Protein chains: 2
Amino acid sequence: MSRITLHDVALAAGVSDSTVSRALRGLDKVNPKTRIKIEEIARRQHFVLSKNASSLASGKTMRVTILFTDQLNTWFNSSSMQGAYEVLSTQGYDLVPHIAPSAASLDAYLDALLGNRNSDAIIVVSLSLNERQREILGLTTMPVIGFDSRGTEGFDATVRIDEDDAMTKALTLLQSLGHRRLGFVSMPNVPKLLFSSQLRGVAFVKVAHDLGYADEHIAHFNPGTRDDFRTLDDAASSVVASILSSPVHPSAICVETDDFAVALIYSLRRFGIRVPQDISVIGFDDYAYAPLAGLTTLHQNPVEMSRMAGRLTLGLMKGEPLPQAHVRMRASLVLRDTTAPYHRR
Amino acid sequence: MSRITLHDVALAAGVSDSTVSRALRGLDKVNPKTRIKIEEIARRQHFVLSKNASSLASGKTMRVTILFTDQLNTWFNSSSMQGAYEVLSTQGYDLVPHIAPSAASLDAYLDALLGNRNSDAIIVVSLSLNERQREILGLTTMPVIGFDSRGTEGFDATVRIDEDDAMTKALTLLQSLGHRRLGFVSMPNVPKLLFSSQLRGVAFVKVAHDLGYADEHIAHFNPGTRDDFRTLDDAASSVVASILSSPVHPSAICVETDDFAVALIYSLRRFGIRVPQDISVIGFDDYAYAPLAGLTTLHQNPVEMSRMAGRLTLGLMKGEPLPQAHVRMRASLVLRDTTAPYHRR
DNA sequence: CTGTTAGCGCATTCAA
DNA sequence: TTGAATGCGCTAACAG
């Protein structure tokens, strides 16, 4: 069966195409009676406006791109989609995921974006832009929303966690538990890509200083590049080795993400280090496994956050002035079983 | 800046629009030299074909809808997107998620789909269609692919788990461990929606019979509707009560999903029932938490499966005859810590 | 291998 | 409140 068009509906209703178009889009200035008649006929014929044709004619695509550098099936990424979907779908927008797994493919994608009318806005997840990329996006009129971004630069709006606040909560806890020597463990990184979670390490150092920790009582463990390890567990083993041989001898560590924290705890225990008796561990995210793993962590709610991002996106697309374009959300500290008071070993 | 069009590129290259179109789509019958020239200019001008305009002109939308009844941020659903994305994106297709959370909204969506040219195919996840819905989809020329569907009816292709095979593995294990009385626990269901995982209970009964278990040694626990419980944990508590008061006294149970199995184990332990000493538990899925929870389970790989679904979708859209339209994948049994030999309490 | 001609299905002027 | 005319940016015959 060939497609039913707006024109067919118009013929059946005995009105013009324009009237059908207006009626079906819910515009005013349509006689209530003719509107009802048109809607009735459209329903009977299973007629739906073609998004493509509408887009072409109106210049609005009714689509929002959500850009990842990673797989869609991670806790954080899938939650990002869910929240944004919830908000955008109510206004008829499609949410279209795209993955740019490397710096090069990101460049290519952004280049293309410039001349592109395939979406009305783009939400960039967990990733920040270098100068060249910002420059490119600056040339677009399309709103660019940073979600879980490192900063606000280059974005028309951002939603992200307040790392300083979060780290203050974590370190205040550790200090009150009597820990005098602290460590921070970074994730293995992806070459040339900048992730917001990397700011957690920066915040850690800053807050530790603020709380009176001297440099020689702070250690920062950096496993290097993701390419260096087959799995997260391998990276964790490598970090455990660094921790054990560190002159700082931390009795408590904060980890960039829960994902890596859990791997780390496994690795620590495999080496005979007890958690939390020998070393306390605080994660970041409160991802789905954290309760099961009994992980003390900084809780964030990415679905809630991405709803906010969706709302900002909507506002930007409507051209509304945003009351607050750059939103920081606060993480809350969740106490579970991987933190304990310090005691000498 | 106003949009650059194909025509602009044509002018700059001194050729006609059609030539640019052909060159940029990688069609043959374009002089290599002019192709290179066109590509060069397109790149310089950041030109990208408008998917909307292409769609309108060609009748192909280059978009595939993936339909869920549930949130995008579940282990299974997000994995489904990932696999399909991997395959479809290589051919330039966008993957557009849609959620129809209730039977009514599913009906509405399918109705709309009929007259709709907003996607070239639809992948329906974890859900089967009733007669009316199948009828509606039968009127479409669009390929309809069932992923994790209950059966093949109404679908042009399907990818799903072989439940009988999986349950045979699970029950054979339990039998060899000496368990004489078995139970199956269903998930709380969503009213009026049919899920493939419900077939696991059917397979359980069938296989139990095949293995010589009498009816009075088999119990099926059904917590009822999802609406009846605030949380999965509440539903689990309710099931634990049923298990403890069941005349069958099962010493081993299979659970429809890992998700619910983990909740159940927590609940069992809260009631003082030891797992696996007092009761063995086998889950289904091997979802991300299963290793952490030490859950013995039937392993499936939804990313791999959805890649397969993506390939079938591609074939169907090209109009190729599929060597095998209905694919069943086998689950494998993963032994962990929630199963043990039977011993009298 | 390339150019010409006609739409694809709608939204948007402008009139009426 | 409605209709007629025009074009969004591209692809698809068909010639050449």
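In what follows, the structure referred to is the one given above.
Within each chain, residue numbers correspond to sequence positions counted from 1 in written order. The order in which chains are written sets their letters, starting at A; the order in which ligands are written sets their numbers, starting at 1. Reporting of local features is limited, given that this is a predicted model, to residues whose pLDDT is at least 70; pairs of side-chain atoms are given and counted only at 80 or more, and all residues count toward the totals for whole chains, interfaces and linings. In computing side-chain values, all of the structure's heavy atoms are included and hydrogens and water are not.

Visitor: What exactly am I supposed to notice about the packing of helix α8 (residues 163–176) of chain A against helix α9 (residues 199–210) of chain A here?
Guide: Between two packed helices, the angle of one axis relative to the other and the distance separating the axes together describe the packing. Residue and element names in this part refer to chain A. Between N-to-C directions, angles span 0 to 180 degrees; the directions come from axes that are lines fitted to C-alpha atoms, helices contributing only their stretch in contact. Helix and strand assignments follow DSSP, with helices taken as H or I runs no shorter than four residues and strands as E runs no shorter than two, numbered in order from the N terminus. Axis separation between α8 and α9 bottoms out at 9 Å; the angle between their running directions is 55 degrees. Classified by the interaxial angle, the pair formed by α8 and α9 is oblique. Like other packed secondary-structure pairs, α8 and α9 cross with a definite hand, here right-handed. Contact residues: α8 offers Glu163, Asp164, Met167, Thr168 and Leu171, while α9 offers Leu199, Arg200, Ala203, Phe204, Lys206, Val207 and Ala208. Split by residue class, the contact of α8 with α9 holds seven nonpolar, one polar and four charged. Any angle that is under 35 degrees is reported as roughly parallel, and any over 145 degrees as roughly antiparallel; angles of 65 to 115 degrees are reported as roughly perpendicular and all others as oblique. Handedness of a crossing is defined here by the sense of rotation of the near helix relative to the far one, left-handed for an anticlockwise turn of less than a right angle and right-handed for a clockwise turn. Contacts were defined at the residue level, with two residues in contact if any of their heavy atoms lie within 4.5 Å. For this scheme, ten residues count as nonpolar: Ala, Val, Leu, Ile, Met, Phe, Trp, Tyr, Cys and Pro. Four count as charged, namely Asp, Glu, Lys and Arg, and the remainder, Gly too, count as polar.

Visitor: What exactly am I supposed to notice about the protein's contact with DNA strand D here?
Guide: Residues are counted as near a molecule or strand when any one of their heavy atoms sits within 4 Å of it. Surrounding DNA strand D, one finds 27 residues, the nearest of these being Ser16, Thr19 and Asn31 of chain A together with Leu6 and Ser21 of chain B. Here, DNA strand D places atoms within 4 Å of the protein, and 69% of those atoms are sugar or phosphate. With respect to DNA strand D, the side chain of Ser18 of chain A contributes an N or O atom lying 2.9 Å from a base nitrogen. Within 3.5 Å is the distance limit for a polar contact, defined as a pair of N or O atoms, with the added protein rule that one can donate a hydrogen and the other accept it, and that residues adjacent in sequence qualify only through two side-chain atoms. Contact between DNA strand D and Arg22 of chain A: a base nitrogen at 2.9 Å from a side-chain N or O atom of the residue. It is helix α4 (residues 51–58) of chain B that contributes the most residues to the surface near DNA strand D, five residues altogether. Taken together, the residues of the surface near DNA strand D sort by class into eleven nonpolar, eleven polar and five charged.

Visitor: Mind showing me how you'd approach the interface of chain A and chain B here?
Guide: For interface size, the figure often reported is the accessible area lost on association. Tallying the contact residues gives 42 residues for chain A and 43 residues for chain B. Note on definitions: buried area is the accessible-area loss of two parts on being combined, 1.4 Å probe, summed for both. Taking both sides of the interface into account, the surface hidden between chain A and chain B amounts to around 4,000 Å²; carbon and sulfur atoms contribute 59%. Summed over the shared surface of chain A and chain B, the number is twelve residue pairs in polar contact (both at pLDDT 80 or more). Every element with two or more residues in the side of chain A that touches chain B is listed here: α4 (51–58), α5 (75–89), β2 (94–99), α6 (103–114), α11 (258–270) and α12 (290–293) of chain A. Top element by residues in the side of chain A that touches chain B is β2 of chain A. It accounts for six residues. Looking at the side of chain A that touches chain B residue by residue, the classes come out as 22 nonpolar, 14 polar and six charged.

Visitor: Got a minute to help me understand the pattern of salt bridges in this structure?
Guide: Opposite charge on two side chains makes pairing possible when the charged atoms of those side chains draw close. In what follows, salt bridge is the name for a side-chain nitrogen of Lys or Arg lying within 4 Å of a carboxyl oxygen of Asp or Glu. All chains considered together, the criterion is met by 32 salt bridges over all chains. The residue Arg307 of chain A makes a salt bridge to Glu86 of chain A at a minimum N-O spacing of 2.4 Å. One end of the pair, Arg307 of chain A, is in helix α13 (residues 302–318); the other, Glu86 of chain A, is in helix α5, and 221 residues separate them in sequence. Measuring nitrogen to oxygen at the nearest pair gives 3.4 Å for the salt bridge that ties Lys206 of chain B to Asp210 of chain B. Note that Lys206 of chain B and Asp210 of chain B are positioned in helix α9 (residues 199–210) at a spacing of four residues, about one turn of the helix. The class of Lys206 of chain B is partly exposed, set by a relative accessible area of 41%. Residues participating in the shared-partner salt-bridge network are Glu86, Glu304, Arg307 and Arg311 of chain A. Relative accessible area decides the class of each residue, using a 1.4 Å probe on protein chains only: under 20% of the type maximum gives buried, over 50% gives exposed, and in between gives partly exposed.

Visitor: In this structure, what is going on with the protein's contact with DNA strand C? I would like to understand it.
Guide: Around DNA strand C, the surrounding shell holds 26 residues, and the nearest of these are Leu6 and Ser21 of chain A together with Ser18, Thr19 and Asn31 of chain B. Considering DNA strand C, the proportion of its atoms within 4 Å of the protein that are sugar or phosphate atoms stands at 68%. The side chain of Thr34 of chain B places a nitrogen or oxygen atom 3.3 Å from a phosphate oxygen of DNA strand C. Within the backbone of Leu56 of chain B, an N or O atom sits 3.3 Å from a base oxygen of DNA strand C. Listing elements by their share of the surface near DNA strand C, those giving two or more residues are α2 (17–24) and α4 of chain A together with α2 (17–24) and α4 of chain B. Residue composition of the surface near DNA strand C, by class: eleven nonpolar, eleven polar and four charged.

Visitor: Explain the pairing of strand β5 (residues 157–161) of chain A here, please?
Guide: In the case of a regular strand, side chains alternate between the two sheet surfaces. All names here are of chain A. Most of β5 sits inside the fold, with five of its five residues counted as buried. Side chains Ala157, Val159 and Ile161 project from β5 onto one buried face, and the interleaved Thr158 and Arg160 project onto a second face that is buried too. Two strands qualify as a pair provided that DSSP identifies no fewer than 2 bridges between them. With three bridges joining them, strand β4 (residues 144–147) and β5 adopt parallel strand pairing. Looking at the pairing, Ile145 lines up with Ala157 of β5. Across four bridges, β5 lies against strand β11 (residues 326–329) in parallel orientation. Counterpart to Ile161 in the pairing with β11 is Met329.

Visitor: Where do I start with the nonpolar core in this structure?
Guide: One broad rule of soluble globular proteins: the nonpolar side chains tend to lie buried together. Take the buried residues of types Ala, Val, Leu, Ile, Met, Phe, Trp, Tyr and Cys, join any two whose side-chain atoms come within 4.5 Å, and each joined set is a nonpolar core. Within the largest apolar cluster, 99 residues are counted, with the highest numbers of intra-cluster contacts made by Leu88, Ile123, Met167 and Cys254 of chain A together with Leu88, Ile123 and Cys254 of chain B. Contacts of Ile123 of chain B, omitting those with residues within four sequence positions, involve Val64, Thr65, Ile66, Leu67, Ala84, Leu88, Ile145, Phe147 and Thr313 of chain B.

Visitor: Help me understand the sheet that holds strand β4 (residues 144–147) of chain B, please; the structure alone is not making it clear to me.
Guide: Sheet strands associate in pairs through backbone hydrogen bonding, adopting either a parallel or an antiparallel arrangement. Residues and elements named next belong to chain B. With parallel pairing, six strands are arranged side by side in an open sheet as β2-β1-β3-β4-β5-β11. Strand pairing shows two members of the sheet lacking a second neighbour, β2 (94–99) and β11 (326–329), which therefore form its edges. Strand-to-strand, the axes of this sheet are offset by a mean angle of 15 degrees, without reference to chain direction. Note that strand β1 (residues 63–68) and strand β3 (residues 121–125) share four bridges and pair parallel. Pairing of Leu67 across the sheet is with Val124, part of β3.

Visitor: Honestly, the sheet that holds strand β6 (residues 182–185) of chain A in this entry has me stumped. Any pointers?
Guide: Residue and element names in this part refer to chain A. Spatial strand order, β7-β6-β8-β9-β10-β12: six strands in an open sheet with mixed pairing. Here the strands that pair on one side only, and so sit at the sheet edges, are β7 (218–221) and β12 (332–334). On average, each strand axis in the sheet is inclined to that of its neighbour by 20 degrees, with strand direction left out of account. In this sheet, β12 lies alongside strand β10 (residues 296–299) in antiparallel orientation, the contact comprising three bridges.

Visitor: Can you help me understand the relation of the copies chain A and chain B in this one?
Guide: Between the two copies of the chain lies a relationship made up of a rotation around an axis and a movement along it. In superposing the copies, a least-squares fit is computed on C-alpha atoms, taking residues whose pLDDT is at least 70 in both. Aligned on chain B, chain A shows an RMSD of 0.2 Å; the corresponding rotation is 180 degrees and the shift along the axis is 0.1 Å. Here the transformation between the copies is reduced to the relation of a two-fold axis. Most of the interface of chain A is mirrored in chain B, where 100% of its interface residues are also at the interface.

Visitor: Would you explain the packing of aromatic side chains in this entry?
Guide: The description of an aromatic ring pair uses the distance of the two centres, along with the angle that the planes make with each other. Stacked, edge-to-face and tilted are the three classes for Phe, Tyr and Trp ring pairs, Trp counted by its six-membered ring, which pair at centre distances within 6.5 Å; planes under 30 degrees apart are stacked, over 60 edge-to-face, the rest tilted. In the structure shown here, the tally under the stated rule is eleven aromatic pairs over all chains. Centre to centre, the rings of Phe76 of chain A and Phe147 of chain A are 5.7 Å apart; their planes meet at 25 degrees, and the pair counts as stacked. Taken as a pair, Phe76 of chain A in helix α5 and Phe147 of chain A in strand β4 lie far apart in primary sequence, 71 residues in all. Pair check on accessibility: Phe76 of chain A and Phe147 of chain A agree, each one buried. Ring centres of Phe184 of chain A and Phe204 of chain A lie 5.3 Å apart, and the angle between their planes is 40 degrees; on these two criteria the pair is classed as tilted. Of the two residues, Phe184 of chain A sits in strand β6 while Phe204 of chain A sits in helix α9, which places them 20 residues apart along the sequence. There is no split in this pair, since Phe184 of chain A and Phe204 of chain A are both buried. By the ring-pair criterion, three or more aromatic residues cluster together here, those being Trp75, Phe76, Phe147, Tyr287 and Tyr289 of chain A together with Trp75, Phe76, Phe147, Tyr287 and Tyr289 of chain B. Charge over a ring is defined by NZ of Lys or CZ of Arg lying within 6 Å of the ring centre and within 35 degrees of the ring normal. The residue whose ring lies beneath Arg200 of chain A is Phe284 of chain A, and the NZ or CZ to ring-centre distance is 3.8 Å.

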